[in-house]
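# Tertiary structure, described
Read off the chains here:
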Amino acid sequence: MLERLKRSLLEAPIYKRGDYNYFIHPITDGVPEVRPDLIREVVTHIIRTANLDVDKIVTIEAMGIHIGTALSLFTDIPLVIIRKRKYGLPGEIEVSQVTGYSKGELYLNGISPGDRVIVVDDVVSSGGTALATLEALKAAGAEVVDLVAVIERGKGVERLKSHGYTIKTMLRVDADERGVRILE
Ligand SMILES: O=P(O)(O)OC[C@H]1O[C@H](OP(=O)(O)OP(=O)(O)O)[C@H](O)[C@@H]1O
Ligand SMILES: Nc1nc2[nH]cnc2c(=O)[nH]1
């Protein structure tokens, strides 16, 4: 299962972002290219394993967008993108995002109270992005019925659990200067 994803991760180059060994991969960066076979593998897995009895798919700019778009095309469920740009629309919700290597603001539009949503993203690492997303969706009055990330690294899943959230992930990895290691 997920053989293409596993193989491609083992080939991923590493880029040093301060002390953080950031792996570069078609799903998580769109670099060197977005690969349709990988997108299909990942989205087929989501369709088989996630709860898609939802009104909307929610993802986060930038690297959730191709996954969310493909899932939306397969399922005909609309996609809401949480942006890093402020639009100032009525009801826009702003939350702070802190990751292992960056800080910024996220802006949510397009969710109505009572909307059932699934959140999909490429990576969960510190869990900061997922927590900011869940905070924004709570403020919007959405019901999060499922939460999925393709790749898990670091302590984010435990951190989310300590806040009462369960996230489904496909592969757990670690990365150092030499490359990516698949943990399960
Ligand atoms: O669990 P966390 O530590 O929060 O990390 C996960 C987030 O990091 C990446 O996004 P990033 O903010 O780097 O932006 P990008 O998608 O625009 O590359 C990734 O797409 C996740 O959203
Ligand atoms: N591409 C990529 N995205 C991330 N998001 C959190 N950690 C990483 C990483 O190492 N690589």
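Look above for the structure.
These notes cover the structure that comes with them.

Each value, and the rule that gives it
- Residues numbered from 1 in each chain as written.
- Chains lettered and ligands numbered in written order.
- Predicted model: local features only at pLDDT ≥ 70, side-chain atom pairs only at ≥ 80, totals over all residues.
- Heavy atoms only, no water.
- Near = heavy atom within 4 Å.
- Polar contact = N/O pair within 3.5 Å; in protein donor to acceptor, adjacent residues only side chain to side chain.
- Areas by Shrake-Rupley, 256 points an atom, 1.4 Å probe, with all protein chains shown as cover.
- Helix = DSSP H or I, 4+ residues; strand = E, 2+ residues; numbered from the N terminus.
- Nonpolar A, V, L, I, M, F, W, Y, C, P; charged D, E, K, R; others polar.
- Pairing = 2+ DSSP bridges.
- Axes fitted to C-alpha atoms, helices over the stretch in contact; angles between N-to-C directions.
- Phe/Tyr/Trp six-rings, centres within 6.5 Å; stacked < 30°, edge-to-face > 60°.
- Buried < 20%, exposed > 50% of the residue type's maximum accessible area, 1.4 Å probe, protein only.
- Lys NZ or Arg CZ within 6 Å of the ring centre and 35° of its normal.

### Focus on the site of ligand 2
- Ligand 2 sits among Tyr20, Asn21, Tyr22, Phe23, Thr28, Asp29, Tyr101, Val123, Ser125 and Arg153.
- Between a nitrogen atom of ligand 2 and a main-chain N or O atom of Phe23, the distance comes to 2.8 Å.
- Note that an oxygen atom of ligand 2 is positioned 2.7 Å from one of the side-chain N or O atoms of Arg153.
- Calculation on ligand 2 without its partners gives an accessible area of 280 Å², and the protein chains cover 93% of this total.
- Tallying contributions element by element places strand E2 (residues 20–23) first for the shell around ligand 2, with four residues.
- In terms of residue class, the shell around ligand 2 is built from five nonpolar, three polar and two charged.

### What about the pairing of strand E1 (residues 14–17)?
- Pairing between E1 and E2: four bridges, direction antiparallel. Each residue of the ladder has a partner; that of Tyr15, found in E2, is Tyr22.
- Adjacent in sequence and paired antiparallel, E1 and E2 are bridged by two residues, among which Gly18 carries a positive phi angle near 65 degrees.

### Things to note about the sheet that holds strand E4 (residues 79–82)
- Pairing in this open sheet of six strands is mixed, and the strands run E4-E3-E7-E8-E9-E10 from one edge to the other. The open sheet has two edge strands with one neighbour each: E4 and strand E10 (179–182). Each strand axis lies, on average, 30 degrees off the axis of its neighbour in the sheet, ignoring direction.
- Inspection of the sheet shows strand E3 (residues 56–60) paired to strand E7 (residues 116–124) by three bridges, in the parallel sense.

### What to know about the site of ligand 1
- Surrounding ligand 1, one finds 17 residues, the nearest of these being Tyr101, Asp121, Asp122, Ser126 and Thr129.
- At a separation of 2.6 Å, an oxygen atom of ligand 1 approaches a polar side-chain atom of Ser126.
- Summarising the interface, the protein chains cover 89% of the accessible area of ligand 1, which totals 500 Å² for the free molecule.
- Sorting the residues of the shell around ligand 1 by element identifies E7 and helix H5 (128–140) as the ones contributing at least two each.
- Considering each element in turn, the shell around ligand 1 owes the most residues, four residues, to E7.
- Residues that form the shell around ligand 1 fall into these classes: five nonpolar, eight polar and four charged.

### A look at the packing of aromatic side chains
- Evaluation of the coordinates by the stated rule reveals three aromatic pairs.
- Residues Tyr22 and Tyr101 carry aromatic rings whose centres are separated by 5.5 Å and whose planes lie at 80 degrees to one another, so their mutual orientation is edge-to-face. Here Tyr101 lies in the loop between strand E5 (93–98) and strand E6 (103–108) and Tyr22 lies in strand E2, a separation of 79 residues in the sequence.
- Given the relative accessible area of 13%, Tyr22 is considered buried.
- Judged by its relative accessible area of 35%, Tyr101 is partly exposed.
- Members of the aromatic cluster, each reached through a chain of ring pairs, are Tyr15, Tyr20, Tyr22 and Tyr101.
- The cationic tip of Arg17 hangs over the ring face of Tyr22; the distance from NZ or CZ to the ring centre is 4.7 Å.

None of the figures reported here should be taken as evidence of function without further support.
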